[in-house]
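Report on the structure
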Amino acid sequence: MNDNLNLPLNEEEKIDAQPTVSEDIEVQKEAEYQEFMQTLADINAELLAEEEQNQKSEEQVEITEEPVNLITSEESKNEIAQEPKEEKELSKEEKQHEPTEEEKKQYKAYRLQKLFSKINCDLSSPSLTATEIKDKVSCGAQYGFNCFMMLTSKLKAVKKQLKAKVKLGAVIGLGESTYLARKWEVRQAKWAKVKEIEYIVPLTAVKENKKRPLIKELNGLKKVAGNKIKFKIAIDASAFNSLEFTFALECAVATKPKCIVIKNFKDEKSKYLLNVAKNCIGKCEIEIQTKLSSSKEITSFSEIGVDYFSVENAIGLAELIKCE
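Below is a short write-up of the structure.

What counts and what doesn't
- Residues numbered from 1 in each chain as written.
- Predicted model: local features only at pLDDT ≥ 70, side-chain atom pairs only at ≥ 80, totals over all residues.
- Heavy atoms only, no water.
- Helix = DSSP H or I, 4+ residues; strand = E, 2+ residues; numbered from the N terminus.
- Buried < 20%, exposed > 50% of the residue type's maximum accessible area, 1.4 Å probe, protein only.
- Contact = heavy atoms within 4.5 Å.
- Areas by Shrake-Rupley, 256 points an atom, 1.4 Å probe, with all protein chains shown as cover.
- Polar contact = N/O pair within 3.5 Å; in protein donor to acceptor, adjacent residues only side chain to side chain.
- Phe/Tyr/Trp six-rings, centres within 6.5 Å; stacked < 30°, edge-to-face > 60°.
- Pairing = 2+ DSSP bridges.
- Axes fitted to C-alpha atoms, helices over the stretch in contact; angles between N-to-C directions.
- Core = buried A, V, L, I, M, F, W, Y, C linked by side-chain atoms within 4.5 Å.
- Expected span 1.5 Å × (residues − 1).
- Arc of directions from axis to C-beta.
- Parallel < 35°, antiparallel > 145°, perpendicular 65-115°, else oblique.
- Left-handed = near helix turned anticlockwise from the far one by under 90°.

**Remarks on the overall build of the chain**
- Summing up its helical and strand segments, the chain has 12 helices and eight strands in all.
- Within the chain, buried positions represent 34% of all 324 residues.
- Counted over contacts in the chain with a minimum sequence separation of 6, partners at least 24 positions apart contribute 70%.
- Of the accessible surface of the chain, which amounts to about 21,800 Å², a share of 53% is contributed by carbon and sulfur atoms.

Pasting the structure below:
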């Protein structure tokens, strides 16, 4: 009887011990839930690690970029701050470059010296004695004129009396004379150790249209003078008309002198100067004998090609220029 009673109990226990379908489902759900939570936790951990890494990289970028921004900002500030300083420095430099009174005096002296070096003191008048010429040369030595021109006949006497060291020149052919006489004068001037010889084209040779004899004569005199002396050929503008002046100029240029001189130049003879400029610029120097009263006239003539100025009252002109 006890066996009969124990049997159903065992069957019930067996039934209770076996899991039901609903329980299996719940267990499966629990396992899936746990797996889902674990996966979610892993994902969150990865996201958190990635976020931390991004933050670190951003911080590094900020650290590297900040000094650059600071430097650029400081540079811009410095540039802004330096701008007025540079202006101040420039103004100081400008003030420093302003000429002093002493520099102004030196500049004036240099300008005067440059102007006076273009002037030849013309002392070729036959009415001047050797003593008068010597006195004018002695007074004019302080101005630094280019040369003191006089007749060959006065050279020896002037040199004996003269103490100042200046450049002397001879004027030949002022009156009519033979070729041999003019040649002898050139030799005398050369022996006197002049720096310049001014030979005036003979009036007769031009009037008679003797081109070849005139060129031959000019070449012969130039050869006697030699290369060390500045040989100048002078044409008297008051003695020739336009055609005669052109003829004399052609003969003179053919000789290849170092300078062409226009004697007795006046404003109405300006076409003569233009003719000389066209034929002589780039070939030889140009000199005009004229009356001047200011430095402006020297400057204006220099701008159109005149290199030297022959002036009788050179000392008076120099004093006028100094007072300007």
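**Considering the side chain of Ser-295**
- On the secondary structure map, Ser-295 appears in helix 11 (residues 295-303).
- Within the local environment of Ser-295, its side chain forms a polar contact with the side chain of Glu-324, the two groups lying 2.5 Å apart.

**Regarding the packing of aromatic side chains**
- As enumerated under the stated definition, the model contains eight aromatic pairs in all.
- Plain terms: the ring middles of Phe-265 and Phe-301 are 5.9 Å apart, the flat faces sit at 80° to each other, and that makes the pair edge-to-face. Placement of the pair is Phe-265 in the loop between strand 6 (259-263) and helix 10 (270-280) and Phe-301 in helix 11, with a sequence separation of 36 residues.
- Of the residues examined, Phe-301 reaches a relative accessible area of 14% and is grouped as buried.
- Ring pairing ties together the aromatic residues Phe-116, Tyr-143, Phe-145 and Phe-148, which thus form one cluster.

**Considering the sheet that holds strand 1 (residues 119-123)**
- The strand order around the closed barrel formed by eight strands is 1-2-3-4-5-6-7-8, and the pairing between neighbours is parallel. Neighbour-to-neighbour, the strand axes of the sheet open up by a mean angle of 25°, direction not taken into account.
- As judged from the five bridges shared by strand 5 (residues 230-236) and strand 6, these two strands associate in the parallel manner. Each residue of the ladder has a partner; that of Ile-233, found in strand 6, is Ile-260.

**Some points on the nonpolar core**
- In this structure, Phe-116, Phe-145 and Ile-197 are the most contacted members of the largest nonpolar core, which totals 69 residues.
- A per-element tally of this core places helix 9 (residues 242-254) first, with seven residues.
- If you look at the next biggest cluster of nonpolar residues, it comprises seven residues, including Met-149, Val-171, Ile-200 and Val-261.

**As for unusual backbone geometry**
- Even without being glycine, Lys-193 reaches a positive phi, approximately 60°.
- Tracing the sequence through the fold places Lys-193 in the loop between helix 6 (179-191) and strand 4 (196-200).
- Residue Lys-193 is classed as exposed on the basis of its relative accessible area of 69%.
- You will see that Asn-264, though not glycine, has its phi angle at about 55°, which is positive.
- Here Asn-264 shows up in the loop between strand 6 and helix 10.

**Topic: helix 9**
- Taking 1.5 Å per residue as the helical rise, helix 9 with its 13 residues ought to reach 18 Å, and the 18 Å between its terminal C-alpha atoms agrees with that figure.
- Of all the residues in helix 9, the buried ones are Glu-244, Phe-245, Phe-247, Ala-248, Leu-249, Cys-251, Ala-252 and Val-253.
- On its buried face, helix 9 sits against helix 7 (203-207), helix 8 (211-225), strand 5, strand 6 and helix 10.
- The N-capping residue of helix 9, defined by a side-chain oxygen 3.2 Å from the backbone nitrogen of Leu-243, is Asn-241.
- The first or second residue beyond helix 9 is Lys-256, which carries a positive phi of 60°.

**Observations regarding helix 11**
- Among the residues of helix 11, those classed as buried are Ser-295, Ile-298 and Phe-301. Mapping the buried residues of helix 11 onto a view down its axis gives an arc of 130°, with all of them on the same face. In helix 11, those exposed residues whose orientation departs by more than 90 degrees from the buried face are Lys-296 and Glu-303.
- The elements touched by buried residues of helix 11 are helix 3 (101-116), strand 1, helix 10, strand 7 (285-289), strand 8 (308-311) and helix 12 (314-323).
- Two residues or fewer past helix 11, Gly-305 is found with a positive phi of approximately 110°.

**Describing the packing of helix 4 (residues 130-140) against helix 5 (residues 152-161)**
- As a packed pair, helix 4 and helix 5 sit with axes 9 Å apart at the nearest point and diverge in direction by 55°. Between helix 4 and helix 5, the crossing angle belongs to the class labelled oblique. Between helix 4 and helix 5 lies a crossing whose hand is right-handed. Contact residues: Ala-130, Thr-131, Ile-133 and Lys-134 in helix 4; Lys-154, Ala-157, Val-158 and Gln-161 in helix 5.

**A few points about the side chain of Thr-290**
- Within the fold, Thr-290 resides in the loop between strand 7 and helix 11.
- Classification of Thr-290 as buried rests on a relative accessible area of 15%.
- One polar contact links the side chain of Thr-290 to the main-chain carbonyl oxygen of Phe-265, over a distance of 3.1 Å.
- Non-local contacts of Thr-290, meaning those with residues more than four positions away in its chain, are made with Phe-265, Ser-310 and Val-311.

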